[in-house]
Structures are given as C-alpha cells and as structure tokens.
Number of protein chains: 2
Amino acid sequence: MNHVCGTSKIAGCSFSIHPMSEDFAEIILDSLNMVDTSKVWLDTDDVTTTIRGRLEHIFDVTKAILLQVSKSGVHAALQATYSIGCPGDSNGDTCPDESLDRMNEDSSRFIHQHLSAKFSLYPMGGGSYMDTIYTQIEAMKSKGVQVTPAHYSTRLDGDTHTVFKGLEDVFRATEASGSSHTVMTVTVSVNSPSTKEVES
Amino acid sequence: MNHVCGTSKIAGCSFSIHPMSEDFAEIILDSLNMVDTSKVWLDTDDVTTTIRGRLEHIFDVTKAILLQVSKSGVHAALQATYSIGCPGDSNGDTCPDESLDRMNEDSSRFIHQHLSAKFSLYPMGGGSYMDTIYTQIEAMKSKGVQVTPAHYSTRLDGDTHTVFKGLEDVFRATEASGSSHTVMTVTVSVNSPSTKEVES
C-alpha cells in the first residue's frame, strides 16, 4: 500500500521539543506562533506533536520550530521520528495543499544555529538494510556535516540548515534505494552549556 | 553476528532526559547519584547517554533514572532507543558483571509515578515485521497499561513500573519471535501540567 495525498506519498513526523526552562510552555507557544504550519496536518497532545503532509513540508516545519525555539537562547532538545510508507498507515489526516514551496524557508534562512544531533535510519521495507544505512552514513559525510560514529546512532554536528538538508537528503535516498517503509529518528541538542563555546 | 557478553547478547540504550527547568543539570546529576549503574557500561555526552549490558540492567537503569528525576516534581521527558543484536555493533563497551539481580529495584519499587508515553517497535532482523508489531501491540493491552493507537507509534498510559514491565516484555518477545536485530523507541512524559489531574 502506498498512501498518497494527491501525487505524493504521505510523510509524517512525531516530535517533541523540550526547552529546559520553567517557561517551556511559553517558549514553545511563542515559537509555534512564528511557524507557518498551513501545509501540514498537525495534532498535539501531552507527549508529542504529529505532523503529516508532503515530505518537504515535514522537514520545513520541524526545522523552523527548532530554529524558533533556539532563538530563545535556552538549552533545548528536539526528538523527532520521521516516517514514510508505513503499511499500517491510513490515508487520512493530511493536508490537501500539495504545492511544493516551503512556507518557512524565508524566515528560517537567516537564523543560524549550531546543533549537535544523533540520528538513526531504519529502512523497514525491503532491501539490504545494513548496506543502505552504511551508504547513507557515508553520504552524510559529503554534506558539510561533522559525522562521528556512536552506539545505535551516528552523531552529527553543524549548522541547523546544513544538518537538516543532510537529513532530508539521506531520508529521500533511503526511500529511493528501495525501502518502501522508511523511519529515521533524530535527537537534537541546541544551546547546551557543554557546547556553547562552539556556537559563539 | 551475535555480540555476546558472557552468555547474553549485549543490549543497549541511547537516551536523554529533559527536566523542563533551569535547574536541569542539577536535577539530572542528583538523580544519577541515586541510581546504581555498576552493572552497565555508561557514556554521556551533550546529546545522549548510552548504556550497555544485560537487557534487565538496561531497563532497570533507565526506569530508575526516570523515577528519580520524576521525584523532583518537574515536568520532564525521557527519550530512549533500546537496541539488541545490531549487526554493526561491536563486542566492546559493556559491563563484565553478568549477574541477574537488578541493582535499583529495591529503591525504585516504592516510587509511584504516572507516565504517558509513545513507543514504536522496529524488528529489523527478519520475520514479518508488521505482524510482529501488531502482535506486540495486542500483547501490551493485557499488561495493565492503557493502550491507544497513534500515528507512527502507540500511546501508553499507566504507572511507570507497569509500563516499563510491558516495554521489556514486548522487546524480549519481539527478539524471541525471530527478529535478531530489534529496536524500540520510547518517548515518555511525566509531571505534565496537562495531565497532572490524572496523577493526583
């Protein structure tokens, strides 16, 4: 089953963002007000926020929310699970707007934020999954991101735009390589007291 | 390849815990001081903490850290990726202590904490992975946990001990069903202002 909205498969992301501050709710709400989510279906509960729509808008919105929260200067963590092609998925809960232009790129592009992240690829839908993973980790090294091996994941350090471009590229390449059901998890840290000297 | 330490396969977890407070570092360090990590290999950087060892100790330590942080009363989130049997894994970085008794159960069992979580199973190593996932979601319903469908995951609500017992059970059952490489991601929320009335 390929769940399509218009001509594209429905992609999605379940994510949560955690500013380490008593003002977490205000920081998150202020940031969300700065992000255009009109091209995704969005649902928030007390554990995660889920967005669904075209893949470009899924990455556009999650990057924009991270950048807006980062602007507060508060140490924050983003945990995101990107998914496309799950055979258990439904056709519902998506956005009818199929146009390609990213709604937040104009506001995002001037925010520069160093991040540290760990990502893992799970190509579920066929193919030689470990070879696919190794190929995509190698590919990430050519994208201007610092890539370091870690247990159960791969560490990435760099500018938010560069890292998100790399993540979107390897996610697309994994699907294109034959994985009809692709999952990618990313844990991001920004404004960490341990790495602030790198960011300045 | 089965990476074994003594007689058991090396399990592991990469996790991060986020108290939404300016005192996050103190809360985490105070909590870690209350947790016995002597039966796991442990490494912390600015993005995640990684622990490796026997599966029972991996669950014992992550549950104990969550419970100790929860005691602060601060809204906190835990993101954890459990893994066993990754073909890319190495034999190193584990704990030589192979004994079974859980070091933190005596201190954990008296802390009762309601949690809300979303979990996803990724049986990578063979078998009919969607059937395995559906079977384990059904199994979770018999474990005293409130189970609700969600996009890209399954929502769990209940007492921390009940939920962690369920998570460990379905993780073991997934491996036992033929998935030589098993991954499970869990996002947990405790002390959320949105659900405090449930906890009292």
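The structure displayed is predicted, hence computed values, not measured ones.

The rules behind each value
- Residues numbered from 1 in each chain as written.
- Chains lettered and ligands numbered in written order.
- Predicted model: local features only at pLDDT ≥ 70, side-chain atom pairs only at ≥ 80, totals over all residues.
- Heavy atoms only, no water.
- pLDDT = per-residue confidence, 0-100.
- Patch = residues over 30% accessible without salt bridge, like charges linked within 9 Å, V, L, I, M, F, W, Y side chains within 5 Å.
- Areas by Shrake-Rupley, 256 points an atom, 1.4 Å probe, with all protein chains shown as cover.
- Salt bridge = Lys/Arg side-chain N within 4 Å of Asp/Glu carboxyl O.
- Lys, Arg positive; Asp, Glu negative; His and termini not counted.
- Charge placed at Lys NZ, Arg CZ, Asp CG, Glu CD.
- Helix = DSSP H or I, 4+ residues; strand = E, 2+ residues; numbered from the N terminus.
- Axes fitted to C-alpha atoms, helices over the stretch in contact; angles between N-to-C directions.
- Parallel < 35°, antiparallel > 145°, perpendicular 65-115°, else oblique.
- Left-handed = near helix turned anticlockwise from the far one by under 90°.
- Contact = heavy atoms within 4.5 Å.
- Pairing = 2+ DSSP bridges.
- Buried < 20%, exposed > 50% of the residue type's maximum accessible area, 1.4 Å probe, protein only.
- Least-squares fit on C-alpha atoms with pLDDT ≥ 70 in both.
- Core = buried A, V, L, I, M, F, W, Y, C linked by side-chain atoms within 4.5 Å.
- Buried area = accessible area lost by both parts, 1.4 Å probe.
- Polar contact = N/O pair within 3.5 Å; in protein donor to acceptor, adjacent residues only side chain to side chain.

Asks: Account for the confidence of the model for chain A, naming residues and giving values.
Replies: Do not read the fine detail of predicted coordinates wherever pLDDT is low. When pLDDT is averaged along chain A, the result is 92; 93% of the residues meet or exceed 70. This prediction of the complex comes with two scores: 0.94 for pTM and 0.92 for ipTM.

Asks: Residues and numbers for a negative patch on the surface, please.
Replies: Side chains of A:Glu22, A:Asp23, A:Glu26, A:Asp30, B:Glu22, B:Asp23, B:Glu26 and B:Asp30 sit close together on the surface and give a patch of like negative charge. Those elements that provide at least two residues to the negative patch are helix H1 (24-33) of chain A together with helix H1 (24-33) of chain B. Looking at the element boundaries, A:Glu22 is found in the loop between strand E3 (11-19) and H1.

Asks: Account for the packing of helix H2 (residues 55-70) of chain A against helix H5 (residues 160-176) of chain A, with residues named and values stated.
Replies: Residues and elements named next belong to chain A. Between H2 and H5, the least distance of the axes is 11 Å, while the angle of their chain directions is 155°. Relative to H5, the element H2 lies roughly antiparallel. Of the two elements, H2 crosses H5, and the hand of that crossing is right-handed. Of the residues in H5, those touching H2 at Leu-55, Glu-56, Phe-59, Thr-62, Lys-63, Leu-66 and Leu-67 are Thr-160, His-161, Phe-164, Leu-167, Glu-168, Phe-171 and Arg-172.

Asks: How would you explain the sheet that holds strand E8 (residues 146-150) of chain A if you had to name every residue and give the values?
Replies: Residue and element names in this part refer to chain A. Strand order in the open sheet formed by 8 strands is E4-E5-E3-E6-E10-E7-E9-E8, with antiparallel pairing between adjacent strands. Each edge of the sheet is formed by a strand with only one pairing partner; in this case those strands are strand E4 (40-44) and E8. Ignoring which end each strand starts from, the neighbouring axes of this sheet average 20° apart. Sheet strands in contact with helix H4 (residues 129-140) are strand E7 (114-123), E8 and strand E9 (153-159), and its direction is about 155° off that of E7. Its contacts with the sheet put H5 on strand E6 (76-84), E7, E9 and strand E10 (182-190), and the angle it makes with E9 is roughly 140°.

Asks: Give me the pattern of salt bridges: which residues, what numbers.
Replies: All names here are of chain A. Tallied over the entire structure, the rule returns 34 salt bridges over all chains. Asp-157 is the partner of Arg-155 in a salt bridge, and the nearest nitrogen-oxygen pair spans 2.8 Å. Residue Arg-155 is classed as buried on the basis of its relative accessible area of 13%. Residue classification places Asp-157 among the buried positions, given a relative accessible area of 11%. Salt bridges sharing partners connect three or more residues here, namely Arg-54, Glu-56, Glu-98, Arg-102, Glu-168 and Arg-172.

Asks: Break down the sheet that holds strand E6 (residues 76-84) of chain B for me, with residues and values.
Replies: Residue and element names in this part refer to chain B. Ordered by their spatial adjacency, 8 strands build an open sheet running E4-E5-E3-E6-E10-E7-E9-E8, and the pairing between neighbours is antiparallel. Because the sheet does not close on itself, it has two edges, and the strands there are strand E4 (40-44) and strand E8 (146-150). Across the sheet, the mean angle from the axis of one strand to that of its neighbour is 20°, orientation sign disregarded. In this structure, E8 lies alongside strand E9 (residues 153-159), joined through 5 bridges in antiparallel fashion. Within E9, the position partnered with Pro-149 by the bridge is Thr-154. Where helix H5 (residues 160-176) meets the sheet, it contacts E6, strand E7 (114-123), E9 and strand E10 (182-190), and its direction lies at approximately 140° from that of E9.

Asks: Any details on the relation of the copies chain B and chain A? Residues and values, ideally.
Replies: Between chain B and chain A, which share one sequence, the superposing operator has a rotation angle of 180° and an axial displacement of 0.0 Å; the RMSD is 0.0 Å. What the superposition gives is, in effect, a two-fold axis relating one chain to the other. Take the interface residues of chain B: 100% of them recur as interface residues in chain A, which is what a same-surface contact looks like.

Asks: Lay out the nonpolar core in plain terms, naming residues and giving numbers.
Replies: Among the nonpolar cores identified, the biggest contains 92 residues, and A:Tyr82, A:Met184, B:Tyr82 and B:Met184 are the most heavily contacted of them. For B:Met184, the residues in contact, after removing those within four places along its chain, are B:Phe59, B:Ala80, B:Thr81, B:Tyr82, B:Phe119, B:Ser120, B:Leu121, B:Leu167, B:Val170 and B:Phe171.

Asks: Tell me about the interface of chain B and chain A, residues and numbers included.
Replies: Facing the 52 residues of chain B at the interface are 52 residues of chain A. Between chain B and chain A, roughly 4,000 Å² of surface is buried when both sides are summed, and carbon and sulfur atoms account for 62% of that area. On the chain B side of the interface with chain A, the three residues burying the most area are B:Asp46, B:His151 and B:Tyr152, jointly 19% of the side's total. Counting every contact that joins chain B to chain A gives 6 salt bridges. The salt bridge partner of A:Lys118 is B:Asp45, with a shortest N-O separation of 2.8 Å. Where chain B meets chain A, there are 26 residue pairs in polar contact (both at pLDDT 80 or more). Looking at the side of chain B that touches chain A, the elements with two or more residues in it are strand E3 (11-19), strand E5 (49-53), E6, E7, helix H4 (129-140) and E10 of chain B. Here the side of chain B that touches chain A takes 7 residues from E3(B), the largest share from any one element.

Asks: Explain the environment of B:Asp46 to me, and be specific about the residues and the numbers.
Replies: Tracing the backbone through its elements, the reader meets B:Asp46 in the loop between E4 and E5. Looking at B:Asp46, the relative accessible area reads 17%, which means it is buried. For the pair formed by B:Asp46 and B:Ser90, sequence separation is 44 residues and the distance between their alpha carbons is 23 Å. Side chain to side chain, B:Asp46 and A:Arg155 meet in a polar contact 3.0 Å long.

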